[in-house]
Amino acid sequence: MSSNTHQNSDGFFGHPKGLSTLFFTEMWERMSYYGMRALLVLFMTASLQEEGLAFTVAAATAIYGLYTGAVYFLGLPGGWIADRLLGGQRAVWYGGIIIMCGHIVLAIPNDNTFFIGLILVASGTGLLKPNISALVGHLYSSDDVRRDSGYALYYMGINMGSVLGYTICGYFGEDIGWHWGFGAAAVGMAIGLIQYRKTIHNLGDASLLPESPLTPKGSKMAWRVIGAVVIAVAIITGLALAKIITINPVLLAQYVAVAFTSIFFAYYGFIYFGGNLSEVEKKRLWALFLVCIASACFWAGFEQAGSSLNLFGRDYTDRLIGSFVIPASWFQNANPMFIIILSPFFAALWINLGKRMITPSYSLKCAIGLIIMASGFIVMFFAAQYAADGLKVAPYWLITTYFLHTVGELCLSPVALSAVSKLSPRRFAGQMMGVFVLTYSIGNIISGLLAGNFDPNNVEELPNLYLQISLFSIGIGIILILVGLKSKYWEGQGQPGNSPAGTEAEANTA
């Protein structure tokens, strides 16, 4: 990395000027992503009279789960494309263009192009998201003490973007028209792209070229494979739109969940049994495996925010303030706002516990986060009982749930990513992060399948849905706490790895 990357050290709150480029690009990209995501299930389940797609809740939430799961899964090939073919800067640029095109397609009032828009947004996000996060780290030298605070600033941009998305796209989509909301997401991504292009010089040569480029022959072969995959997806999509083939989204989500889970176990097992690991490394992988289980279960519950909790906000929550009806999607603002408020307190918590020589195991911290998230569904269990009696509940039920979910997220998400960094064998660190990301995909797809049990025609079953999610998550959390007593010993063996520079508690969002 050349020195020009670091010359402008006071360009953005004492950080390289390139951080401002990435901060605002990510802010607008997250605005478009979360804004569109907040409308997705609402639009799919709205009646034809409301200009929606009139999908069943089961189909809509399965599609939602497939979409959000695909976003994380496609980050794996997206990172590979940047490392071997494009370089991070161009990957972010092209990914943003694909995202914007996807939102433009969604903004077209034509139901036949809906799935094309979803595929484009998911593909573009898979190309942009992992690489823009990696670019932040490339702005700093390996010994730069500003790295952690740089990621903290970047993380603030993520949450600011999500607040903008929920607020702007939610208002346009619910109060003016669904496609206006999707169009607002396209405008947001366009602003991000313009800003990125005008200030790209601030990035210097950070990830300008592929980190590990293929040979010309290998590059040509890779582009052929990518082209073949794109053509295959286009053909399948065309056949489905022409009704030549029928795709059952619920069944597809079940198959994909099994496929992702199988890939996770196969790759994890390949590294464990075929990676020529020492006994210490194997024990640390067992400790990391517990963290992965906690992560998948956590996101299966947390991601109800955009599906069943979103529908609960629309159908069973009193949203009237005077003559103004609060858009249902606005309730999701609670999560990023609570993150902005609470993040400094949790950062200080772990530091102060460490000073007192109190260092819970990774699995114990994750288990606590999982149980706190599950307690949010106990709140929803009581709220759903009121709804089953035909009452509209006050907004504070959802706000309380989102507060507990955010506390759980702050306990689990950054800790889990730190665990991957520390417990993975050094020579497999990158691959293990990729394997860990699969837990996000698995959790998101399971979340969509669980939300499919939200039956508006059978509201008396709603309390049971939330109670089942809560009890299952608490049960897994208790098991992890018990096993975590042993994992503390596993984690402590060997030399510690590098702690992560910073992360998005995706969750969020993503």
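So, here's what we can say about the structure.

The rules behind these values
Residues numbered from 1 in each chain as written. Predicted model: local features only at pLDDT ≥ 70, side-chain atom pairs only at ≥ 80, totals over all residues. Heavy atoms only, no water. Helix = DSSP H or I, 4+ residues; strand = E, 2+ residues; numbered from the N terminus. Rg over C-alpha atoms; globule rule 2.2 N^0.38 Å. Buried < 20%, exposed > 50% of the residue type's maximum accessible area, 1.4 Å probe, protein only. Contact = heavy atoms within 4.5 Å. Areas by Shrake-Rupley, 256 points an atom, 1.4 Å probe, with all protein chains shown as cover. Lys, Arg positive; Asp, Glu negative; His and termini not counted. Charge placed at Lys NZ, Arg CZ, Asp CG, Glu CD. Phe/Tyr/Trp six-rings, centres within 6.5 Å; stacked < 30°, edge-to-face > 60°. Lys NZ or Arg CZ within 6 Å of the ring centre and 35° of its normal. Axes fitted to C-alpha atoms, helices over the stretch in contact; angles between N-to-C directions. Parallel < 35°, antiparallel > 145°, perpendicular 65-115°, else oblique. Left-handed = near helix turned anticlockwise from the far one by under 90°. Salt bridge = Lys/Arg side-chain N within 4 Å of Asp/Glu carboxyl O. Polar contact = N/O pair within 3.5 Å; in protein donor to acceptor, adjacent residues only side chain to side chain. Core = buried A, V, L, I, M, F, W, Y, C linked by side-chain atoms within 4.5 Å. Expected span 1.5 Å × (residues − 1). Patch = residues over 30% accessible without salt bridge, like charges linked within 9 Å, V, L, I, M, F, W, Y side chains within 5 Å. Disulfide = S-S within 2.5 Å. Nonpolar A, V, L, I, M, F, W, Y, C, P; charged D, E, K, R; others polar.

1. Focus on the overall build of the chain
Link 1 in the chain: Regarding its fold elements, the chain presents 17 helices and 2 strands.
Link 2 in the chain: Against the compact-globule benchmark of 24 Å for 510 residues, the chain has a radius of gyration of 22 Å, which places it among compact chains.
Link 3 in the chain: Seen through its C-alpha atoms, the chain measures out along the principal axes to roughly 60 × 50 × 45 Å.
Link 4 in the chain: Counting the 510 residues in the chain, one finds 54% classified as buried.
Link 5 in the chain: Taking the contacts inside the chain whose residues are at least 6 apart along the sequence as the reference set, 84% of them involve residues at least 24 apart.
Link 6 in the chain: When the accessible surface of the chain is summed, it comes to about 21,400 Å², and 68% of that surface belongs to carbon and sulfur atoms.
Link 7 in the chain: Taken together, the 28 basic and 27 acidic charged side chains of the chain have centroids lying 12 Å from each other.

2. Quick word on the packing of aromatic side chains
Link 1 in the chain: Tallied over the entire structure, the rule returns 37 aromatic pairs.
Link 2 in the chain: When the ring of Phe-73 is compared with that of Phe-260, the centres are 4.4 Å apart and the planes differ by 15 degrees; the resulting orientation is stacked. Residue Phe-73 is found in helix α2 (residues 57–73), and its partner Phe-260 is found in helix α9 (residues 249–274); the two are separated by 187 residues along the sequence.
Link 3 in the chain: The exposure class of Phe-73 is partly exposed, given its relative accessible area of 24%.
Link 4 in the chain: A residue is classified by how much of its surface remains accessible, and Phe-260, at 9% relative accessible area, is buried.
Link 5 in the chain: Aromatic pair Phe-312 and Tyr-316: ring centres 5.6 Å apart, planes at 55 degrees, arrangement tilted. For the pair Phe-312 and Tyr-316, one class covers both residues: buried.
Link 6 in the chain: One aromatic cluster is present, built from ring pairs that chain together Phe-264, Phe-265, Tyr-268, Tyr-272, Phe-273, Trp-286 and Phe-289.
Link 7 in the chain: Lys-282 extends its terminal NZ or CZ atom over the ring of Tyr-272, reaching a point 5.4 Å from the ring centre.

3. Some thoughts on the packing of helix α13 (residues 362–388) against helix α14 (residues 396–423)
A pair of packed helices can be characterised by two numbers: the angle between their axes and the separation between those axes.
Link 1 in the chain: Axis separation between α13 and α14 bottoms out at 8 Å; the angle between their running directions is 160 degrees. Comparing their axes, α14 and α13 come out roughly antiparallel. Relative to α14, the crossing made by α13 is left-handed.

4. A short note on unusual backbone geometry
The general pattern is negative phi for most residues beyond glycine and trans for most peptide bonds.
Link 1 in the chain: Residues other than glycine seldom take positive phi values, yet Glu-51 does so here, at roughly 65 degrees.
Link 2 in the chain: Its place among the elements puts Glu-51 in the loop between α1 (17–45) and α2.
Link 3 in the chain: Accessibility expressed as a relative area gives 56% for Glu-51, which makes it exposed.
Link 4 in the chain: The phi angle at Ala-54 is positive, at roughly 60 degrees, despite the residue not being glycine.
Link 5 in the chain: Turning to its location among the elements, Ala-54 is positioned in the loop between α1 and α2.

5. Quick look at the pattern of salt bridges
Link 1 in the chain: Throughout the structure, instances matching the rule amount to 4 salt bridges.
Link 2 in the chain: The closest approach of N and O atoms between Arg-314 and Asp-315, which form a salt bridge, is 2.8 Å.
Link 3 in the chain: Its relative accessible area of 21% is what places Arg-314 among the partly exposed residues.
Link 4 in the chain: Its relative accessible area of 22% is what places Asp-315 among the partly exposed residues.

6. Section: the side chain of Asn-202
Link 1 in the chain: Checked against the element boundaries, Asn-202 lands in the loop between α7 (178–199) and α8 (216–241).
Link 2 in the chain: At a separation of 3.4 Å, a polar atom in the side chain of Asn-202 contacts the side chain of Thr-21.
Link 3 in the chain: In terms of polar contacts, Asn-202 uses its side chain to reach the side chain of His-201, at 3.4 Å.
Link 4 in the chain: Filtering out sequence-adjacent residues up to four positions away, Asn-202 remains in contact with Lys-17, Gly-18, Ser-20 and Thr-21.

7. Considering the environment of Met-337
Link 1 in the chain: By the secondary structure assignment, Met-337 is in helix α12 (residues 334–355).
Link 2 in the chain: Judged by its relative accessible area of 42%, Met-337 falls in the partly exposed class.
Link 3 in the chain: Distance in space between the C-alpha atoms of Met-337 and Phe-403 is 9.5 Å, their sequence separation being 66 residues.

8. Details of helix α11 (residues 308–315)
Link 1 in the chain: Counting buried positions over the 8 residues of α11 gives 6, a clear majority of the element.
Link 2 in the chain: Burial in α11 covers these residues: Ser-308, Leu-309, Asn-310, Leu-311, Phe-312 and Gly-313.

9. Things to note about the nonpolar core
Link 1 in the chain: Within the largest apolar cluster, 136 residues are counted, with the highest numbers of intra-cluster contacts made by Leu-288 and Phe-312.
Link 2 in the chain: Of the residues forming this core, the biggest block, 16 residues, is contributed by α1.
Link 3 in the chain: Setting aside residues up to four positions removed in sequence, Phe-312 forms contacts with Thr-317, Met-380, Ala-383, Ala-384, Ala-387, Val-393, Leu-398, Phe-454, Leu-462 and Tyr-466.
Link 4 in the chain: With 7 residues, the next largest nonpolar core counts Ile-81, Leu-85, Leu-86 and Leu-127 among its residues.

10. Regarding α2
Link 1 in the chain: End to end, α2 covers 24 Å across 17 residues, agreeing with the expected 24 Å (1.5 Å per residue, within 8%).
Link 2 in the chain: With respect to burial, α2 is a largely interior element, 14 of its 17 residues being buried.

11. Remarks on a nonpolar patch on the surface
Link 1 in the chain: Nonpolar side chains collect at one region of the surface, where Ile-119, Met-221, Val-225, Val-229 and Val-233 lie side by side and expose about 400 Å² of accessible area between them.
Link 2 in the chain: With 4 residues, α8 is the single largest residue contributor to the nonpolar patch.
Link 3 in the chain: Positionally, Val-225 belongs in helix α8.
Link 4 in the chain: The class for Val-225 is partly exposed, based on a relative accessible area of 46%.

12. Quick look at the state of the cysteines
Link 1 in the chain: Under the criterion given, the structure shown has 0 disulfides.
Link 2 in the chain: Cys-169 forms no disulfide, and the closest cysteine sulfur to it belongs to Cys-101, at a distance of 17 Å.

13. Quick word on the packing of helix α4 (residues 88–107) against α7
Link 1 in the chain: Where α4 contacts α7, the two axes come as close as 8 Å, and the packing angle between them is 160 degrees. As judged from the angle between their axes, α4 and α7 are roughly antiparallel. As α4 packs across α7, the resulting crossing turns out to be left-handed. Along its contact with α4, which presents Gln-89, Val-92, Trp-93, Gly-96, Ile-97, Ile-99, Met-100, His-103, Ile-104, Leu-106 and Ala-107, the element α7 presents His-179, Phe-182, Gly-183, Ala-185, Ala-186, Met-189, Ala-190, Leu-193, Tyr-196 and Arg-197.
Link 2 in the chain: For the contact of α4 with α7, the residue count by class is 15 nonpolar, 5 polar and 1 charged.

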